[in-house]
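Breakdown of the fold
Each chain, written out:
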Amino acid sequence: MITQEVNNWIKKVEKGNYSSWDIMEEFARISKYLTKTEMKQITKRLKDSEKH
């Protein structure tokens, strides 16, 4: 299950509220707690948001 913290990160990325460096730094911090399935969900969600 994706946590609220990860959802907040995704929303900030989708809205462009992060610099590229901050995106990667924050992702490195939270990614160690994610499962493979959650990583796939995040990837899909970000790819889908790119299309809009």
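Check the entry above for the structure.
As the structure is a computational prediction, the values presented were derived from the model and not from experiment.

About the thresholds
Residues numbered from 1 in each chain as written. Predicted model: local features only at pLDDT ≥ 70, side-chain atom pairs only at ≥ 80, totals over all residues. Heavy atoms only, no water. Salt bridge = Lys/Arg side-chain N within 4 Å of Asp/Glu carboxyl O. Helix = DSSP H or I, 4+ residues; strand = E, 2+ residues; numbered from the N terminus. Buried < 20%, exposed > 50% of the residue type's maximum accessible area, 1.4 Å probe, protein only. Phe/Tyr/Trp six-rings, centres within 6.5 Å; stacked < 30°, edge-to-face > 60°. Axes fitted to C-alpha atoms, helices over the stretch in contact; angles between N-to-C directions. Parallel < 35°, antiparallel > 145°, perpendicular 65-115°, else oblique. Left-handed = near helix turned anticlockwise from the far one by under 90°. Contact = heavy atoms within 4.5 Å. Nonpolar A, V, L, I, M, F, W, Y, C, P; charged D, E, K, R; others polar.

Concerning the pattern of salt bridges
Applying the stated criterion across every chain, the model contains 4 salt bridges. A salt bridge links R29 to E26; the nearest nitrogen and oxygen atoms lie 2.6 Å apart. Taken together, the positions of R29 and E26, both in helix α2 (residues 20-31) and 3 residues apart, correspond to about one turn of that helix. We classify R29 as partly exposed; its relative accessible area is 40%. Here D48 ties to K44 by a salt bridge, and the two come within 2.9 Å at their closest N and O atoms. In this pair, D48 and K44 both sit in helix α3 (residues 36-50), 4 residues apart, roughly one turn of the helix.

Digging into the packing of aromatic side chains
The description of an aromatic ring pair uses the distance of the two centres, along with the angle that the planes make with each other. Applying the stated criterion across every chain, the model contains 1 aromatic pair. Plain terms: the ring middles of W9 and F27 are 5.3 Å apart, the flat faces sit at 35° to each other, and that makes the pair tilted. Taken together, the residues W9 in helix α1 (residues 4-15) and F27 in helix α2 connect sequence positions 18 residues apart.

A look at the packing of α1 against α2
Remark: α1 packs on α2, axes separated minimally by 11 Å, with the N-to-C direction vectors making an angle of 165°. One way to sum up the angle between α1 and α2 is to call them roughly antiparallel. α2 is crossed by α1, and the crossing has left-handed handedness. Of the residues in α2, those in contact with E5, V6, W9 and V13 of α1 are I23, E26, F27, R29 and I30. When its residues are assigned to classes, the contact of α1 with α2 shows 6 nonpolar, no polar and 3 charged.

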